[in-house]
Each structure stands twice: as structure tokens, then as C-alpha cells.
Amino acid sequence: MDTEIVLSADQIVTRYGSVQALHGVSLSVKRGQVVALLGANGAGKSTTLRTLSGLVPAASGTVRFLGEDITRIAAHRLPHKGLVHVPEGRRIFGEMTIRENLDLGSFTLRDDTERRRRMEHVFEIFPILARRQHGDARNLSGGEQQMLAIGRALMAGPKVLLLDEPSMGLAPQMIREVMNIVQRLNREGVTILLVEQNSKVALKFADYGYVLEAGRIVLEGPGSKLANDEAVISAYLGNVAA
Ligand code: ATP
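One numbering rule holds for all chains: residues counted from 1, following each sequence as written. Selection of residues for local features in this predicted model requires a pLDDT of at least 70, selection of side-chain atom pairs for listing and counting requires 80 or more, and totals for whole chains, interfaces and linings are taken over all residues. Side-chain measures here rest on the full set of heavy atoms in the structure, leaving out hydrogens and waters.

### A closer look at the pairing of strand β3 (residues 34-38)
Looking along a regular strand, one sees the side chains alternate between the two faces of the sheet. A 1.4 Å probe rolled over the protein chains alone gives each residue an accessible area, and that area as a share of the maximum for its type sets the label: buried under 20%, exposed over 50%, partly exposed in between. Each helix is a run of DSSP H or I of at least 4 residues and each strand a run of E of at least 2, with the numbering of both proceeding from the N terminus. Within β3, 5 of the 5 residues are buried, leaving the element largely enclosed by the surrounding structure. Both faces of β3 are covered, namely the face carrying V34, A36 and L38 and the face carrying V35 and L37. In this scheme, strands are said to pair when DSSP sees at least two bridges between them. Sheet topology places β3 next to strand β8 (residues 191-196); 5 bridges connect them, and they run parallel. The residue bridging A36 from the neighbouring strand is L194, located in β8. Pairing of β3 with strand β9 (residues 208-213) involves 4 bridges; the strand directions are parallel.

Pasting the structure below:
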């Protein structure tokens, strides 16, 4: 496998006003990998993704994407470069149709043929979205909305996807479906940084994992090693349901 680092954080510090959420987080994601970012509620997982994708500014530290320092680049310019964030809670537009939501994902694209090709690809991965493309997004179930959020991200043609808790609030069967799709996208060449509270689910197929605790990385290692380490599980990965 190519071992080029495509995305990295070096000593990231992030604050919300007087609250310091990240205390010097460093991590790296290599091309073709699925990397899991784990940790309890409030550990700083979402903040790490938001800092990587420029949604919140880093107070200090550096974010690099494909060799470029992107720490101070505006969030809206990053999808164009291939770094796409699927935020927690999906953020789809309920009053708009599924197709319109997908179109929003390709706002950076001028090429209509490529846009159509991408939409066909999304519809092939998520047939339910194809069947309901003219219906309002608000009528989708939670799992279908998660699919739409991922589909919209795919419309941007990501090289790296930042996925924030795609399993949140989903029934086990739907979690499996969403995770199968994550694996498929990875096989198709998309590098993935996956935030999960459900560490057991994430470590099943993550190449590498990081554990965050109170804004610091306290542990890292190959996914299979973290998954099988009982001490690690009981100390850091309390939530191992499903
Ligand atoms: P969760 O799984 O609950 O989303 P998380 O690991 O993603 O947890 P973050 O949401 O990144 O954690 O939160 C990290 C810390 O930053 C927490 O102490 C949280 O209360 C705080 N925080 C997060 N967002 C904000 C905000 N918008 N304003 C102020 N504090 C925030």
C-alpha cells in the first residue's frame, strides 16, 4: 500500500471562547486507509474534525492536506481540494428534494457531465435515493438521511472523507449497512477518517485508531490491536455496544 500521509494534524489546539477543547492533538491519515477517531462524549472528536475541515479555527498547530498547509484556508474551499466533511447530525435540507440536496454537494463543479456521472454513482450506491430523488429529504428515515449526507459528500468527489458518527441513532441493521458502504467507498479509493463513539463497530475495519480523552490523544495503534486489547477497551472505550 502507498504510505503517503494525505491528512495530518500537528499539535492542534482549539478553543470555543474560554473552553479549550483540544490540547495539542496530532494524528495522521495515510492514503487508502480507514482511520478511526474514538473517545467518550465530549472528548473532542467532533472538534478535531471541525478543525481539520476549517469549520472552527485552530488557535495553534498545523493541518496539512496533500502536502499543503490548510490551517488557515476557508472551510468552503476545502471540498474543492478533495477534503469533505460529513458533520454530525447530517445537516440535510429537509424542505429540498433529495436530488437538490445532492446537487448542493457538487457546488464546486462546473462540468455537467461529471456532475451527472457522480449522481449516477451515488444512485448506484444508494438505490433508495434514486427511487426517492424527487421527494423531500425530510421524509427519509434517519438511516436514509445519513445515506443522503454521505451521498452529498460524494458529489464533491472527495479524496478524503471526514465522517462524524454516521452510526448515531441508527438501528443495528442500518449501522451495518452504513458501515458496509463506508468500506465500499474505501475500496473505491476514498481515504476515511471516521469518528465513532461505537468503537467496536469502527475498529472492525479501521486500519488504525486514535483514542481521544479530554482533548488529548491518549492512545493509538492498528485497529485490530486496539479492538482486541481488553485493557484498552475497559480503560478507554467504555461504549462497546453492538
Ligand atoms: P460528542 O460525541 O458528544 O459529539 P465529542 O468527542 O465529539 O463528543 P466535542 O463535541 O468535540 O466532543 O466537544 C469537546 C469539548 O468542547 C466538550 O467539552 C464540549 O462541551 C466543548 N464544545 C463543543 N462544541 C462547543 C461549542 N460550540 N461551544 C463551546 N464548547 C463546545
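### Remarks on the pattern of salt bridges
Counted as salt bridges are all cases of a side-chain nitrogen of Lys or Arg within 4 Å of a carboxyl oxygen of Asp or Glu. Going through the model one piece at a time under the given rule, you end up with 10 salt bridges. One salt bridge in this structure joins K81 and E68, with 3.1 Å as the shortest N-O distance. Here K81, found in helix α2 (residues 78-81), pairs with E68, found in strand β5 (residues 68-69); they are 13 residues apart in sequence, far enough to count as distant. On the basis of relative accessible area, K81 is assigned to the partly exposed category, the value being 22%.

### Section: the sheet that holds β3
Ordered by their spatial adjacency, 6 strands build an open sheet running β6-β7-β8-β3-β9-β10, and the pairing between neighbours is mixed. The open sheet terminates on both sides in strands that have one partner only, identified here as β6 (83-86) and β10 (216-222). Along the sheet, successive strands turn relative to each other by an average axial angle of 15°, direction set aside. Only C-alpha atoms enter the line fits that serve as axes; for helices the fit covers just the stretch in contact. Angles between N-to-C directions range over 0 to 180 degrees.

### Comments concerning the site of the ligand
Note on terminology: near, applied to a residue and a molecule or strand, indicates that one of the residue's heavy atoms is within 4 Å of it. Around the ligand lies a shell of 14 residues, among which N41, G42, K45, S46 and T47 are the nearest. Here a polar contact is recorded for every N or O atom pair within 3.5 Å, except that within protein the pair must consist of a potential hydrogen donor and a potential acceptor, and residues adjacent in sequence are included only if both atoms are side-chain atoms. Between T47 and the ligand, the recorded distance is 2.5 Å, taken from a side-chain N or O atom to an oxygen atom. Areas reported as accessible are Shrake-Rupley estimates using a 1.4 Å probe. Residue values count occlusion only from the protein chains shown. Taking 630 Å² as the accessible area of the ligand by itself, protein coverage stands at 64%. For the shell around the ligand, the element with the highest residue contribution is helix α1 (residues 45-52), accounting for 4 residues. A breakdown of the residues in the shell around the ligand according to their chemical character gives 4 nonpolar, 6 polar and 4 charged. Amino acids outside the nonpolar list (Ala, Val, Leu, Ile, Met, Phe, Trp, Tyr, Cys, Pro) and the charged list (Asp, Glu, Lys, Arg) are all regarded as polar, and Gly is one of them.

### Regarding the sheet that holds strand β4 (residues 60-65)
To summarise the sheet geometry, strands pair through backbone hydrogen bonds and adopt either a parallel or an antiparallel arrangement. Read across the sheet, 4 strands follow the order β2-β1-β4-β5 without closing on themselves; strand pairing throughout is antiparallel. Of all strands in the sheet, those with a lone pairing partner are β2 (19-30) and β5, marking the two edges. Here 5 bridges tie strand β1 (residues 5-16) to β4, and the two strands are oriented antiparallel to one another. In the strand pairing of β4, A9 is matched with V63. Note on contacts: a residue pair qualifies if any of its non-hydrogen atoms lie within 4.5 Å across the two residues. On top of the sheet, α1 reaches β1, β2 and β4; it is set at about 115° to β1, its chief contact.

### Points about helix α4 (residues 112-125)
With 14 residues, α4 extends 20 Å from end C-alpha to end C-alpha; this agrees with the ideal 20 Å at 1.5 Å per step. E114, R118, M119, V122, F123 and I125 are the residues of α4 that are buried. Check the buried side of α4 and you find it contacts α3 (98-105), α5 (127-131), α6 (142-154) and α7 (172-187). Here α4 starts with a cap whose side-chain oxygen sits 3.0 Å from the backbone nitrogen of T113, and that cap is D111. Expected helix span is taken as 1.5 Å per residue step, with the number of steps being one fewer than the number of residues.

### Regarding the pairing of β9
Pairing of β9 with β10 involves 6 bridges; the strand directions are antiparallel. Bridge pairing links G209 to G221 in β10. Taking the residues that link successive antiparallel strands as the turn, the β9-β10 hairpin has 2 residues, and the phi of A214 there is positive, at about 45°.

### A closer look at α6
Its 13 residues give α6 an end-to-end C-alpha distance of 18 Å, which sits within 8% of 18 Å, the value for a rise of 1.5 Å per residue. α6 sits mainly inside the fold: 12 of its 13 residues count as buried. G143, E144, Q145, Q146, M147, L148, A149, I150, G151, R152, A153 and L154 are the residues of α6 that are buried. For α6, the elements touching its buried residues are β6, α3, α4, α5, β7 (160-164) and α7.

### Overview of the packing of α3 against α6
At their nearest, the axes of α3 and α6 sit 7 Å apart, and the two run at 40° to each other. For the element pair α3 / α6, the angle class is oblique. Note on packing geometry: the crossing formed by α3 with α6 is right-handed. For the pair α3 and α6, the contacting residues are I98, N101, L102, L104 and G105 in the first and L148, G151 and R152 in the second. Looking at the contact of α3 with α6, its residues break down into 4 nonpolar, 3 polar and 1 charged. Angles are sorted into four bins: roughly parallel if under 35 degrees, roughly antiparallel if over 145, roughly perpendicular if 65 to 115, and oblique for all others. The hand of a helix crossing depends on one turn: near helix anticlockwise from the far one by less than a right angle means left-handed, and clockwise means right-handed.

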